[in-house]
Amino acid sequence: MWSHRLGRLRPMACGVEELRQRRREREAEMRKARREQQLISKRLLREDAPGEAEAARAATVLGEAEVQQFLRLAQRGTEEKEREKALVSLRRGLQHPETQQTFIRLEGSMRILVGLLTSSRALLQLEAARCLHELSHSEHPAVAEACLPATSYLLTYLSGHSSDFIELCLYTLGNLIVESEAVRKRLLPQGIVPALAACIQSPHVAVLEALGYALSQLLQAKEAPEKIIPATGIVMVPTHNLLSAGSSILDSTLPQHMLLLMQPGPKLNLGVAVEFAWCLHYIICSQVNNTLLITHGALSTLGLLLLDLAEAVQRMEDAGLELLACPVLRCLSNLLTEVEVEDVGGQMHFKDERVVVALFILLQFFFQKQPSLLPEGLWLLNNLTANSPTLCTSLLSLDLIEPLLHLLSLSNVSVLVLTILCNIAEKGPAYCQWLWPGPLLPCLLNILALSDPEVVGQSLELLQLLFLYRPEASKAFLQQSGLQALERHQEDVQLQDRVHAVCQTALHG
């Protein structure tokens, strides 16, 4: 991702190319760690009527005899109300892990529950599905395995007519999918991907949100890059593992529909967009076929979302904005590691300074309200500036260097800020003229007083670039006791080569 401009310069004691290679390797490691971060979790729908809420909270752990009694009443009760009431009591008991364990240990319990799930009585069917949903939320893998006989029916009901029931089935499947490889092995050949692709055309927002959740759980499976995401022929897998056409994510219409539902505009729903942005994030992180996503317009959609998010901040309509900002920034950052900004400008004007302005509006918002998201925004800025002289020029002409320098005081982002400044400095003398004279050199001298080798190391690389392109800066550095600041790091094994290189450049040019 780094340009080769510095390769034309005269070799130094510690070569600039070697320093840049270290930076590339360090960034690759950091990107890999970020890709592997997952949001594996489970969700629970509990929609008791207001009058039942207190009774639900007071529900106690059920013993074996009570579980058997409620199952028997639900299966063989003489009145439907009695059967429904028994299932409600069982469901409330299943909120407790102890009851869940008791339930799965009882022989025939799941068979009875599946029988009720397939009942022609809608209320019994719904309560049985709610019981399964409580079980799906268990933290014990054995409980998810016990629910395996019900999964085929849950999948079938995704094509039903009740949006509430479809939503419940999707959340239950999502909980089970993330927990159990056995569940995924059963559902994939049975057509879970085409079933999800059909659901995405639902007009109901609640169904779309539930679909996004279930899909994101499926995409986090360890086998997703080989067996779930690939378009046909993208990844070589054994013949017996290949899915039929349309049954992998990239072979289906899901990506196009997801991007359509993420388009900014009056119809954009924040909850739906958040779910599908995370889905897109997991697909991109798989690195299976991101070119296909770019072809479908992923960069354009994400770029427009970035501008829309910045406009929302300016309108003070920022409630929940951070929920969408995080996956959008990650998606853009990861896609831009695979394609140069200068090559994708046609998709969404990524060479347009509006992108830089929008990103700084978001950075200011994060700084004030969501500091944990600052690294996400800076990662994107890093990837935007790495290969784009145009965007580096925008940063300089818009006087955005000083706001960047203010972030150096934050330990969790200082390395990223320094890396972005290196992206600018490496573009050559014309760019370094904007960096010095100015507040940069005093900031770097302050950093040299720190003991963090990663932060100091990145500042040394920036000094090296600055001295190469602006020899006058090295004179100012020496006059401000720069050599004494370097001396404290010359015994550090991780830094001594870079310290020596900076000293040599400062003293001898």
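About the cut-offs
Residues numbered from 1 in each chain as written. Predicted model: local features only at pLDDT ≥ 70, side-chain atom pairs only at ≥ 80, totals over all residues. Heavy atoms only, no water. Salt bridge = Lys/Arg side-chain N within 4 Å of Asp/Glu carboxyl O. Helix = DSSP H or I, 4+ residues; strand = E, 2+ residues; numbered from the N terminus. Buried < 20%, exposed > 50% of the residue type's maximum accessible area, 1.4 Å probe, protein only. Arc of directions from axis to C-beta. Contact = heavy atoms within 4.5 Å. Core = buried A, V, L, I, M, F, W, Y, C linked by side-chain atoms within 4.5 Å.

(A) Fine view of the pattern of salt bridges. Within this structure, the stated rule accounts for 12 salt bridges. One salt bridge connects R130 with E127, and the closest N-O pair in it is separated by 2.9 Å. One end of the pair is R130 and the other is E127, both in helix α7 (residues 122-136) and 3 residues apart, which spans about a single turn. According to the relative accessible area criterion, R130 is partly exposed, its value standing at 24%. R315 is the salt-bridge partner of E311, the closest N and O atoms lying 4.0 Å from each other. Judged by its relative accessible area of 40%, E311 is partly exposed. What emerges from the salt-bridge pattern is a single network uniting R91, E127 and R130.

(B) Fine view of helix α9 (residues 148-156). Those residues of α9 that fall on the buried side of the exposure criterion are L148, A150, T151, L154 and L155. Buried residues in α9, looked at end-on, bunch into an arc of 145°, giving them a common side. Tucked into the core, α9 has its buried residues touching α6 (109-117), α7, α8 (141-146), α10 (163-179), α11 (181-187) and α12 (192-199).

(C) Quick look at the side chain of E167. Tracing the backbone through its elements, the reader meets E167 in helix α10. Other than its neighbours up to four places away in sequence, E167 contacts L45, A206, V207 and A210.

(D) Quick peek at the nonpolar core. Residues L90, L158 and L378 are the most contacted members of the largest nonpolar core, which totals 171 residues. The dominant element in this core, judged by the number of residues it contributes, is helix α16 (residues 270-286), at 11 residues. Setting aside anything within four residues of it in sequence, one finds L158 in contact with I166, C169, L170, L173, A195, L196 and C199.

Everything listed here is a matter of geometry and, on its own, says nothing about what the molecule does.
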